[in-house]
Amino acid sequence: MSGKHRRYFLKARESKELLDKASKRLRIDLQQIFKEKANVEVVQTESIEIFLMNGKPILAKTGENIYPTLTFKEFLDQAPKITVDLGAVPYICKGANVMAPGIRRFNGEFQKGDLVLITDEKHGKPIALGETLYDTEQAKNTKQGVIIKNMHYVGDKTWNQLKQIATPT
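I will try to describe carefully the structure that is included in this document.

## Digging into the sheet that holds strand β11 (residues 146-153)
Strand pairing in a sheet takes place through backbone hydrogen bonds and is either antiparallel or parallel in direction.
At step 1: A sheet is described by the order of its strands in space; here six strands give the open sequence β7-β11-β10-β9-β6-β8, paired in mixed fashion. Edge positions in the sheet fall to β7 (98-99) and β8 (103-107), since each has one partner strand and no second.
At step 2: Strand direction decides the pairing type here: strand β9 (residues 115-120) and strand β10 (residues 126-132), joined by five bridges, are antiparallel. In the sheet register, Leu115 faces β10, and the bridge partner there is Glu131.

The structure is reproduced here in C-alpha coordinates:
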(Lines give C-alpha, C1' and ligand atoms only; values in the text may rest on other atoms or scores of the structure.)
Protein backbone atom coordinates (compact mmCIF):
# COMPACT_ATOMS: atom_id res chain seq x y z
CA MET A 1 0.00 0.00 0.00
CA SER A 2 1.17 3.48 -0.72
CA GLY A 3 1.38 6.14 1.96
CA LYS A 4 1.45 5.66 5.68
CA HIS A 5 -0.83 2.99 7.10
CA ARG A 6 -1.03 0.55 9.92
CA ARG A 7 -2.91 -2.69 10.47
CA TYR A 8 -4.06 -4.04 13.80
CA PHE A 9 -6.82 -6.13 15.39
CA LEU A 10 -9.46 -4.70 17.73
CA LYS A 11 -9.98 -6.16 21.20
CA ALA A 12 -13.27 -8.01 21.76
CA ARG A 13 -14.86 -5.08 23.64
CA GLU A 14 -13.83 -2.60 20.91
CA SER A 15 -15.21 -4.96 18.23
CA LYS A 16 -18.56 -5.18 20.03
CA GLU A 17 -18.74 -1.37 20.37
CA LEU A 18 -17.96 -0.94 16.67
CA LEU A 19 -20.58 -3.52 15.64
CA ASP A 20 -23.20 -1.93 17.93
CA LYS A 21 -22.52 1.59 16.58
CA ALA A 22 -22.47 0.41 12.95
CA SER A 23 -25.64 -1.69 13.44
CA LYS A 24 -27.53 1.41 14.58
CA ARG A 25 -26.21 3.47 11.65
CA LEU A 26 -26.91 0.79 9.04
CA ARG A 27 -30.20 -0.34 10.63
CA ILE A 28 -29.16 -3.98 10.41
CA ASP A 29 -27.92 -6.34 13.12
CA LEU A 30 -24.25 -6.96 12.40
CA GLN A 31 -24.01 -9.32 15.41
CA GLN A 32 -26.58 -11.49 13.61
CA ILE A 33 -24.67 -11.41 10.30
CA PHE A 34 -21.37 -12.26 11.99
CA LYS A 35 -22.72 -14.94 14.33
CA GLU A 36 -19.34 -16.41 15.11
CA LYS A 37 -16.91 -14.21 16.97
CA ALA A 38 -15.96 -11.49 14.52
CA ASN A 39 -12.26 -10.95 14.14
CA VAL A 40 -12.07 -7.22 13.43
CA GLU A 41 -8.94 -5.92 11.78
CA VAL A 42 -8.38 -2.22 11.12
CA VAL A 43 -6.42 -0.78 8.21
CA GLN A 44 -5.70 2.81 9.11
CA THR A 45 -4.45 5.40 6.63
CA GLU A 46 -4.10 9.15 6.99
CA SER A 47 -7.75 9.80 6.14
CA ILE A 48 -9.65 6.50 6.32
CA GLU A 49 -10.07 3.53 8.62
CA ILE A 50 -11.29 0.34 6.96
CA PHE A 51 -12.66 -2.45 9.13
CA LEU A 52 -12.27 -6.03 7.99
CA MET A 53 -14.57 -8.62 9.57
CA ASN A 54 -13.02 -12.04 9.32
CA GLY A 55 -10.91 -10.73 6.44
CA LYS A 56 -13.72 -8.97 4.51
CA PRO A 57 -13.65 -5.15 4.25
CA ILE A 58 -17.19 -4.23 5.30
CA LEU A 59 -17.01 -0.85 7.04
CA ALA A 60 -15.12 2.39 6.58
CA LYS A 61 -14.78 5.44 8.76
CA THR A 62 -13.73 8.98 7.97
CA GLY A 63 -13.71 11.24 11.01
CA GLU A 64 -16.73 10.14 13.07
CA ASN A 65 -18.68 9.05 9.99
CA ILE A 66 -18.98 5.25 9.74
CA TYR A 67 -20.47 3.67 6.63
CA PRO A 68 -20.58 0.32 4.79
CA THR A 69 -18.21 -0.31 1.92
CA LEU A 70 -19.43 -1.03 -1.58
CA THR A 71 -18.07 -4.57 -1.07
CA PHE A 72 -20.25 -5.37 1.98
CA LYS A 73 -22.62 -7.76 0.19
CA GLU A 74 -24.88 -8.50 3.18
CA PHE A 75 -25.65 -4.79 3.56
CA LEU A 76 -25.96 -4.16 -0.18
CA ASP A 77 -28.50 -7.00 -0.48
CA GLN A 78 -30.74 -5.47 2.23
CA ALA A 79 -30.30 -1.74 1.63
CA PRO A 80 -32.94 0.41 -0.06
CA LYS A 81 -31.85 1.09 -3.65
CA ILE A 82 -32.05 4.20 -5.78
CA THR A 83 -31.58 3.65 -9.51
CA VAL A 84 -30.16 6.54 -11.52
CA ASP A 85 -30.03 7.19 -15.25
CA LEU A 86 -26.78 6.72 -17.15
CA GLY A 87 -26.29 10.47 -17.55
CA ALA A 88 -25.91 10.81 -13.75
CA VAL A 89 -23.38 7.98 -13.35
CA PRO A 90 -20.14 9.82 -14.30
CA TYR A 91 -20.99 12.69 -11.95
CA ILE A 92 -21.90 10.42 -9.03
CA CYS A 93 -18.67 8.46 -9.61
CA LYS A 94 -16.77 11.74 -9.17
CA GLY A 95 -18.50 12.49 -5.86
CA ALA A 96 -21.57 14.47 -6.92
CA ASN A 97 -24.71 14.16 -4.83
CA VAL A 98 -27.75 12.44 -6.34
CA MET A 99 -30.17 14.98 -7.78
CA ALA A 100 -33.92 14.38 -8.24
CA PRO A 101 -33.93 14.58 -12.08
CA GLY A 102 -31.39 11.73 -12.36
CA ILE A 103 -33.43 9.24 -10.30
CA ARG A 104 -35.30 6.56 -12.26
CA ARG A 105 -36.54 4.20 -9.49
CA PHE A 106 -36.84 3.76 -5.72
CA ASN A 107 -36.70 0.22 -4.29
CA GLY A 108 -37.40 -0.22 -0.60
CA GLU A 109 -38.40 2.20 2.14
CA PHE A 110 -36.13 4.65 3.93
CA GLN A 111 -36.23 7.47 6.46
CA LYS A 112 -34.37 10.77 6.31
CA GLY A 113 -30.73 10.07 7.25
CA ASP A 114 -30.77 6.39 6.21
CA LEU A 115 -28.05 4.95 4.03
CA VAL A 116 -29.09 3.82 0.56
CA LEU A 117 -27.38 2.07 -2.33
CA ILE A 118 -27.20 3.91 -5.64
CA THR A 119 -27.25 1.68 -8.73
CA ASP A 120 -26.99 2.37 -12.45
CA GLU A 121 -30.02 1.96 -14.70
CA LYS A 122 -28.39 -0.24 -17.35
CA HIS A 123 -26.69 -2.97 -15.28
CA GLY A 124 -28.09 -2.45 -11.76
CA LYS A 125 -24.52 -2.32 -10.43
CA PRO A 126 -23.76 -0.49 -7.18
CA ILE A 127 -21.95 2.77 -7.94
CA ALA A 128 -22.30 4.64 -4.64
CA LEU A 129 -23.69 4.79 -1.12
CA GLY A 130 -25.43 7.85 0.15
CA GLU A 131 -27.40 9.36 2.99
CA THR A 132 -30.99 10.32 2.20
CA LEU A 133 -32.09 13.87 2.85
CA TYR A 134 -35.78 12.84 2.77
CA ASP A 135 -37.96 9.87 3.62
CA THR A 136 -39.25 7.69 0.76
CA GLU A 137 -42.48 9.59 0.02
CA GLN A 138 -40.88 13.04 0.19
CA ALA A 139 -38.05 11.86 -2.10
CA LYS A 140 -40.51 10.46 -4.66
CA ASN A 141 -42.39 13.78 -4.72
CA THR A 142 -39.34 16.03 -4.95
CA LYS A 143 -38.65 17.08 -8.54
CA GLN A 144 -35.46 19.10 -8.16
CA GLY A 145 -32.41 19.45 -5.97
CA VAL A 146 -30.31 17.02 -3.95
CA ILE A 147 -32.05 13.85 -2.71
CA ILE A 148 -29.03 11.84 -1.55
CA LYS A 149 -25.72 13.03 -0.14
CA ASN A 150 -22.95 10.95 -1.74
CA MET A 151 -20.76 9.30 0.93
CA HIS A 152 -18.79 6.57 -0.86
CA TYR A 153 -18.51 5.88 -4.57
CA VAL A 154 -16.63 3.75 -7.08
CA GLY A 155 -13.25 5.39 -7.55
CA ASP A 156 -13.08 7.37 -4.29
CA LYS A 157 -10.28 7.10 -1.68
CA THR A 158 -12.15 4.39 0.23
CA TRP A 159 -12.73 2.39 -2.97
CA ASN A 160 -9.08 2.64 -3.98
CA GLN A 161 -7.99 1.57 -0.49
CA LEU A 162 -10.35 -1.41 -0.68
CA LYS A 163 -8.81 -2.50 -3.97
CA GLN A 164 -5.34 -2.40 -2.38
CA ILE A 165 -6.28 -4.50 0.67
CA ALA A 166 -8.67 -6.89 -1.05
CA THR A 167 -7.85 -10.50 -0.44
CA PRO A 168 -8.70 -13.02 -3.15
CA THR A 169 -11.64 -15.24 -2.24
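## Regarding the sheet that holds strand β5 (residues 65-68)
At step 1: Overall, antiparallel pairing links the five strands, which are arranged β1-β2-β3-β4-β5 in an open sheet. With partners counted over all chains shown, the strands left at the sheet margins are β1 (5-9) and β5, one partner each. Across the sheet, the mean angle from the axis of one strand to that of its neighbour is 20°, orientation sign disregarded.

## Considering the packing of aromatic side chains
At step 1: The tally for this structure, following the rule as stated, stands at two aromatic pairs.
At step 2: Plain terms: the ring middles of Phe106 and Phe110 are 6.1 Å apart, the flat faces sit at 35° to each other, and that makes the pair tilted.

## Comments concerning the pattern of salt bridges
At step 1: Evaluated as defined, the whole model comprises nine salt bridges.
At step 2: The partner of Arg7 in a salt bridge is Glu41, and the shortest N-O contact between them spans 2.8 Å. A residue pair is termed long-range when its members are at least 10 positions apart, and Arg7 in strand β1 and Glu41 in strand β2 (residues 40-45) qualify at 34 residues.
At step 3: Arg7 sits in the partly exposed class, given a relative accessible area of 39%.
At step 4: Here Lys21 makes a salt bridge to Glu64, at a shortest N to O gap of 3.5 Å. With Lys21 in helix α1 (residues 12-26) and Glu64 in the loop between β4 (56-62) and β5, the pair connects residues that are 43 residues apart, well separated along the chain.

## Focus: the nonpolar core
At step 1: With 33 residues, the main nonpolar core has Leu18, Leu30, Phe51, Met53, Leu59, Phe72 and Phe75 as its most contacted residues.
At step 2: Elements represented by at least two residues in this core include exactly α1, β2, β3 (49-53), β4, β5, α3 (73-78), β9 and α6 (157-165).
At step 3: If sequence neighbours within four positions are ignored, Leu59 has contacts with Leu18, Ala22, Leu26, Leu30, Glu49, Ile50, Phe51, Met53, Ile66, Tyr67, Pro68 and Thr69.
At step 4: Ala88, Phe110, Ala128 and Ile147 belong to the second largest nonpolar core, which has 17 residues in total.

Conventions and cut-offs
Residues numbered from 1 in each chain as written. Predicted model: local features only at pLDDT ≥ 70, side-chain atom pairs only at ≥ 80, totals over all residues. Heavy atoms only, no water. Pairing = 2+ DSSP bridges. Helix = DSSP H or I, 4+ residues; strand = E, 2+ residues; numbered from the N terminus. Axes fitted to C-alpha atoms, helices over the stretch in contact; angles between N-to-C directions. Phe/Tyr/Trp six-rings, centres within 6.5 Å; stacked < 30°, edge-to-face > 60°. Salt bridge = Lys/Arg side-chain N within 4 Å of Asp/Glu carboxyl O. Buried < 20%, exposed > 50% of the residue type's maximum accessible area, 1.4 Å probe, protein only. Core = buried A, V, L, I, M, F, W, Y, C linked by side-chain atoms within 4.5 Å. Contact = heavy atoms within 4.5 Å.

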